[in-house]
Structures are given as C-alpha cells and as structure tokens.
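# Per-entry structural report
Each chain is listed here by its residues.
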Amino acid sequence: MKKRIFAKRLTALGLTAAIVLTGCGATSEAPTVEEYIQEGAGEYEQENMTGVSETSSGESGSSSADNGGDGAAESPAAEAESDAAECPLAPESGATDNAAQYSEKKSALADTTDGGYSDYARGAEKEILAGKTENIYDDLYAEAPGSYLGSCYDYGEDSILPENNEEYSKWEEKGFVNVMKEPLSTFAADVDTASYSNLRRLIRDGWDLENLPEGSVRIEEMLNYFSYDFEEPNGQEPFGVTTQIGQCPWNDEAELLMIGLKTESVNYDRAPASNLVFLLDVSGSMGDPDKLPLLQESFATLTDSLTNKDRISIVTYAAEDKVVLQGARGDEKKKIKKVLNSLEAGGGTYGSKGIERAYELAEEYFIKGGNNRIILATDGDLNIGMTTEEELEELISEKKESGIFLSVLGFGTGNIKDNKMEILADKGNGNYAYIDCLREADKVLLEEMTATLVTVCKDVKFQVEFNPDVVEGYRLLGYENRALDRQDFDDDEKDGGEIGAGHSVTALYEVVLREPLDHGMTKGEINDLRYGSEYRKRQAEAGKTYDANASKEWLTISIRYKKPAGTVSQLLEYPIGYECYRHNPSTDFRFAAAVAEFGLLASHSNYPENASLSHVRKTLKELDSKDVYKAEFLELVEQVAE
C-alpha cells in the first residue's frame, strides 16, 4: 500500500536473508469543466468507504497520579511512538503506571533481539491496518517454508495487531454548477478543524494520499485550521468580511474567490463566566496512551486557564455514567486535577447515557448570560444505548434548545468514530477538534481558548448569489456536509454554524466567467499609460472586452446569524465585483489556495484539474511562512511528495 515503506522493507528483508545465509549456513476519464457547466450537472456521486489507520496495541490502562499542587497535572501519557520530536505526546518526565504498562506491552511485541518494536512488524501492521488481509511476505519466502525466514513473519490468530474500526461520514463531492440552473449556493458556517489534525496524524503514520480513508479529508476543515489576516469587525458588526478574487492556480479556465469571516478576539478574563461540564469517555477503548492519558494532560492544561468565576463539573461514562466532580470553582485547580488524574479506563461505552447526565448537570449550574458548554472527549466509539448517527442526531437536536453548547474533542487512533463525533458537534451547536498530541491540545485549549469555549454568533449561514450576466458556472470547495437548501437560508428554524470569539471562517469558490478576463495589465495600469486610449482601442479591435466584467457585480454574499441567546436572525449583504480582483493575490490567498489544492488530491476529488503536489510545494516554499502551523503544513506536503 505504501510504496516507500514496502520498498524499504524489501531491502531490509534482503539484508536479513544475507545474514541468515552466511551466518547460519542455510541452503475512466473525468468530464471537462465545460461539460459540467453545459450539462448543469453539479453533483457527481463519489463512492465512500470506511477508513482505517495504525494504532498502538495498548489495552485498557489506568492513571492514578495525584497532583497535589496548583500547577499543571503530572503527565499520565506514555512515550509517543511517532511525532516525538515534532509533536510530543507528553513531557519526558512524570510518566505513570500507564507508561510502564505500555512499555511492557511494546517489549512483548518485539521482533528483534535488541528489544525494539521491529520495523517489519510496524510495516506489516500498516499494511494490514490499511485493509490488506493477505500476508504480504508469503511470496518472498514461499520456497523455504521450513526455514526461519518462512516463519518469523507469520502472524497467526494471536496477532499483535489491534482491530481496526475507524469510521468516517459518507459525503458527495459537488462539481461545477450552471448558474442559470442554480444561481444560489447556500451552506452553514463551519469552524471545525478535526479533519486536518487527523490528516496530519495519518500522513505521519505513513499513509500515501492515494490510500487515505474515504471521507476522512474535509477541505473546509483544512482551510479553517489556519489563521489568516482577515478584516476585523467594524462597529457593531459581529465579524469582519474579507473577499478576494484571483486566477485559480490549478484550473486555467476558472477564477478563485476567497471569502473570509473573522470575529473579534477576546481575552478569556473578559469573557462571560463559564459553566463547563467535562464529559469524559473512560471506556475500555480509551486505555491507549494517545487516548485517556493524553485526555488527562489536555484537560489539565485547560484547567490552568480557568478562573474563580467559572464552574466545573466532570461526568465520566463507560458501561455506566458517573458524576465525579460537581460545581467546583475554576480556581480549585488542585481539586479538578486530582479528579482528572484518578480516572481509569475500562468497560463498555454507554455514551448516550453520559450525554444525558451531562446536560442535566449543565442545566443545574446554568449561568444566565454566561457560557454554558459541555466538552465531550472521546474516540467516538459508542456501543451501548443510542449508537447510530441518526439516534445521536435526534438526541442532541432536542438538547441544544436548552442554550447549552456541545463541543467535541476526538482522541486516539485505530478506533475513532469521526462520523459520530462530527454529528454530535454539528447538531450540538459546538465545534469539533481532533487532539493527536499535546501541542494540538495547547492550540485548541490555550491559544484558541475563547474561540473554542465562547460562542459569539450562532446559526451562521452563507448564501452566495451569482450574476448570470458575468458568471457561467461555479463550485464550492468543501462544505458538502454543510450544504443547505436555498429556502433554509431564511428559515430561522434551520440550524447553521457556530463561531467563537477570534474564530475565522474561510470558503473558496472556483468561478468560471462568461467572458474570461485578460490576465495582463489591470485597468489602473492601462489608465496610467500615455497611450492608454489607443491600448484599449486595440483590445476592442482584437475582440477583447476588458470592461465587460469590470463594470458589473459578479455576485452577492449574504450572511445570516443570531446572537448566542437570540432566536431571530439578522442579515448582512456584501456585493462583490471586479474591484476585489488581484493579479498578484495576497499571501493569505495563495496559502489558502495551496491548502485547497492539496485537499483536492488528499480527498481524491473528481475535479482536480491540474492540481499537483509539486505545485503545492513550490507555492508554499515561495511563501516562506514563519507561522509554525503553516510551516508544518509544508513539512507534511514534502513528506508525501518524497
């Protein structure tokens, strides 16, 4: 599956054979853009499949370290097998019993005499996790069934590999749409970022883009993971709006429209008081080091930023739900961390019962005019009670009317139920992030704390109307899971997206114009010429109508939103025309375009046009960003481009 890994494995196997022999004395083509537009067929079905990835073999573990101080909780996380240098799972010191248990398990799995977890075992694990059930080494030593090589890589019933059960939502990619048939594009805002951090984890685990699980890559979440220099809110408006149009880097026939929203950043000390319920999954599936131990570290990090005006409760769930902390003040850090460190994993997963209990507790300590929120931390594996996406959606849709928001933090590998976690956050008026390491926990719960915890606009919806006199066709990149019917935009009963303080929302459209622009000089540059009038005359004689698109509105962006406690939406409208066009787009525009281009490849898009890894890599290198997360994105691109 993974060509680079398999090639290295073949080389290693050859060297092993040499040692044994010498030392032991052994004897369909996609339619074009024009066809999409002419046919007006914007939607093409994409087959979906359940994806899987590598996971550690740790079973149910526990952590009972008791931190007696008000500082950060002692680390219950074990050594990280991957990302140790770039994205450490936990500090080097302070490992607890869980770390020792995990170390023993890894030692027991060792394939080589040096006690390490064999490259062969790790490579085979990745092949099997990817869905290859046959023994990939059979052909290599089939002629020597009785030899050492014929048996040393034979995985029997007692396989060292854990079962693989990751699940992702099915979605249809929408292609180009004919404006005459569908002039309105309507979707709910989305600030989730889980898809990007999960993609980062998959790439670091060795996955090639061609084999990424279907449904695991959502382009809008990739775009929204990063921060951009968007316009700040002006006056009483809840957010600033940034628009820019430039030539589409991967499609010569289209322009690229970028829409950016940004809310005002607020220091958490100035934010309303918070009533937070930590709803923590402590079932048996959470025993691995990248699950419960990382969860404990992450919530200890959040605890350090809480204040005396906050109220904290903790509900755990496994086979049964349990209230382990009720109504503690945010400055009682020692008390909160002691409870966190005492958690142990084991049992089934009665998630729906835990959700109901968490809402009851949140209602009991409800703060009028405050931030009332449940933060669910889980791998998403619910196997008792309500377990289907439909059942969970119905449960959460009823609860959200209470004015309590539900955010979801995903943890772990091999067993994550991305589909269930996404639906819980979307229907619970919250956001969804995936925590693969402590640095990501710091980003979500420290750097973006108010964005994560404090909602400033809810039920945010976009509706873009294209002018058919200028635009022939268009397509929205991503947001397939957020698409709305045109009538839903004005219906305040229909759910939208939630945006926190300091959040930004980014959307990109490929836009095909009726009369393509001349990508030469701008109108201003022509006006500056001494012979500008002659220049325009020659253009007209050549059949180029330079002013045709410049003098008309191209589209109008309409945005509806409600205040956090409101029930009636408010409307904002922004007409957009050629004045937003840039022949030399901004750094943010080019970076967002590179992310989207990479997303087209990673999501196995049916409409990649000329998208390529080499072009993405070249663009990012030219930008030379100092932002640590944007620089990390370049590293990921380079890793899969090798």
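These figures come from a predicted structure and were not determined experimentally.

## Section: the packing of aromatic side chains
Within the structure shown, the criterion is met by 21 aromatic pairs. Ring plane angle 0° and centroid distance 4.9 Å describe the contact between Phe187 and Phe462, whose orientation is recorded as stacked. Within this pair, whereas Phe187 is found in strand S2 (residues 184–188), its partner Phe462 is found in strand S11 (residues 455–466), the two being separated by 275 residues in sequence. Pair check on accessibility: Phe187 and Phe462 agree, each one buried.

## Here we look at the pairing of S11
Counting buried positions over the 12 residues of S11 gives 10, a clear majority of the element. Inspection of the sheet shows S11 paired to strand S13 (residues 497–500) by 3 bridges, in the antiparallel sense. By the bridge assignment, Val460 is partnered in S13 with Gly497. Pairing analysis gives 7 bridges linking S11 to strand S15 (residues 553–562), with the strands arranged antiparallel. Within S15, the position partnered with Phe466 by the bridge is Leu555.

## Observations regarding unusual backbone geometry
Leaving glycine aside, a negative phi is the common case for residues, and trans is the common case for peptide bonds. Unusually for a residue other than glycine, Asn429 sits at a positive phi of about 60°. Mapping Asn429 onto the fold places it in the loop between helix H11 (418–427) and strand S10 (432–435). Since its relative accessible area comes to 7%, Asn429 is described here as buried. In this model, Asp624 sits at a positive phi of 50°, which is unusual for a non-glycine residue. Tracing the sequence through the fold places Asp624 in the loop between helix H17 (613–623) and helix H18 (628–641).

## Section: helix H7 (residues 292–303)
The end-to-end C-alpha distance of H7, which contains 12 residues, comes to 16 Å, matching closely the 16 Å that a straight helix rising 1.5 Å per residue would cover. Taking burial as the measure, the 12 residues of H7 include 12 buried ones, the bulk of the element. For H7, the complete set of buried residues consists of Leu292, Pro293, Leu294, Leu295, Gln296, Glu297, Ser298, Phe299, Ala300, Thr301, Leu302 and Thr303.

## Notes on the nonpolar core
What tends to happen in soluble globular proteins is that the nonpolar side chains get buried as a cluster. In this structure, Phe226, Trp250, Phe598 and Phe633 are the most contacted members of the largest nonpolar core, which totals 44 residues. With sequence-adjacent residues up to four places away left out, Trp250 is seen in contact with Leu256, Leu477, Glu510, Ala593, Ala596, Glu597, Leu600, Pro608, Glu609, Asn610 and Ala611. Formed by 39 residues, the second largest nonpolar core is a distinct cluster that contains Val177, Leu261, Tyr474 and Leu517.

## Some words on the side chain of Ser285
With respect to the helices, strands and loops of the structure, Ser285 is situated in the loop between strand S5 (274–281) and H7. Looking at Ser285, its side chain comes within polar contact range of the side chain of Asp379, at 2.9 Å. Apart from the residues lying within four places of it in its own chain, the contact partners of Ser285 are Lys291, Asp379, Asp381 and Asn415.

## Some details on the packing of helix H5 (residues 194–204) against H18
Remark: H5 packs on H18, axes separated minimally by 10 Å, with the N-to-C direction vectors making an angle of 40°. Judged by the inter-axis angle, H5 sits oblique to H18. Seen along the crossing, H5 lies across H18 with a hand that is left-handed. Contacts between H5 and H18 involve Tyr196, Arg200, Ile203 and Arg204 on the former and, on the latter, Tyr629, Glu632, Phe633, Leu636, Gln639 and Val640. Residue composition of the contact of H5 with H18, grouped by class: 6 nonpolar, 1 polar and 3 charged.

## Notes on helix H8 (residues 333–341)
Along H8, the residues that are buried comprise Lys333, Ile336, Lys337, Val339, Leu340 and Asn341. Taken together, the buried residues of H8 touch S5, H7, strand S6 (311–317) and strand S7 (321–329).

## Observations regarding a negative patch on the surface
A surface patch of like charges, here negative, comprises Glu390, Glu391, Glu394 and Glu398. With respect to the secondary-structure elements, Glu391 resides in helix H10 (residues 389–399). For Glu391, a relative accessible area of 34% gives the class partly exposed.

Cut-offs used in this document
Residues numbered from 1 in each chain as written. Predicted model: local features only at pLDDT ≥ 70, side-chain atom pairs only at ≥ 80, totals over all residues. Heavy atoms only, no water. Phe/Tyr/Trp six-rings, centres within 6.5 Å; stacked < 30°, edge-to-face > 60°. Helix = DSSP H or I, 4+ residues; strand = E, 2+ residues; numbered from the N terminus. Buried < 20%, exposed > 50% of the residue type's maximum accessible area, 1.4 Å probe, protein only. Pairing = 2+ DSSP bridges. Expected span 1.5 Å × (residues − 1). Core = buried A, V, L, I, M, F, W, Y, C linked by side-chain atoms within 4.5 Å. Contact = heavy atoms within 4.5 Å. Polar contact = N/O pair within 3.5 Å; in protein donor to acceptor, adjacent residues only side chain to side chain. Axes fitted to C-alpha atoms, helices over the stretch in contact; angles between N-to-C directions. Parallel < 35°, antiparallel > 145°, perpendicular 65-115°, else oblique. Left-handed = near helix turned anticlockwise from the far one by under 90°. Nonpolar A, V, L, I, M, F, W, Y, C, P; charged D, E, K, R; others polar. Patch = residues over 30% accessible without salt bridge, like charges linked within 9 Å, V, L, I, M, F, W, Y side chains within 5 Å. Areas by Shrake-Rupley, 256 points an atom, 1.4 Å probe, with all protein chains shown as cover. Salt bridge = Lys/Arg side-chain N within 4 Å of Asp/Glu carboxyl O. Lys, Arg positive; Asp, Glu negative; His and termini not counted. Charge placed at Lys NZ, Arg CZ, Asp CG, Glu CD.

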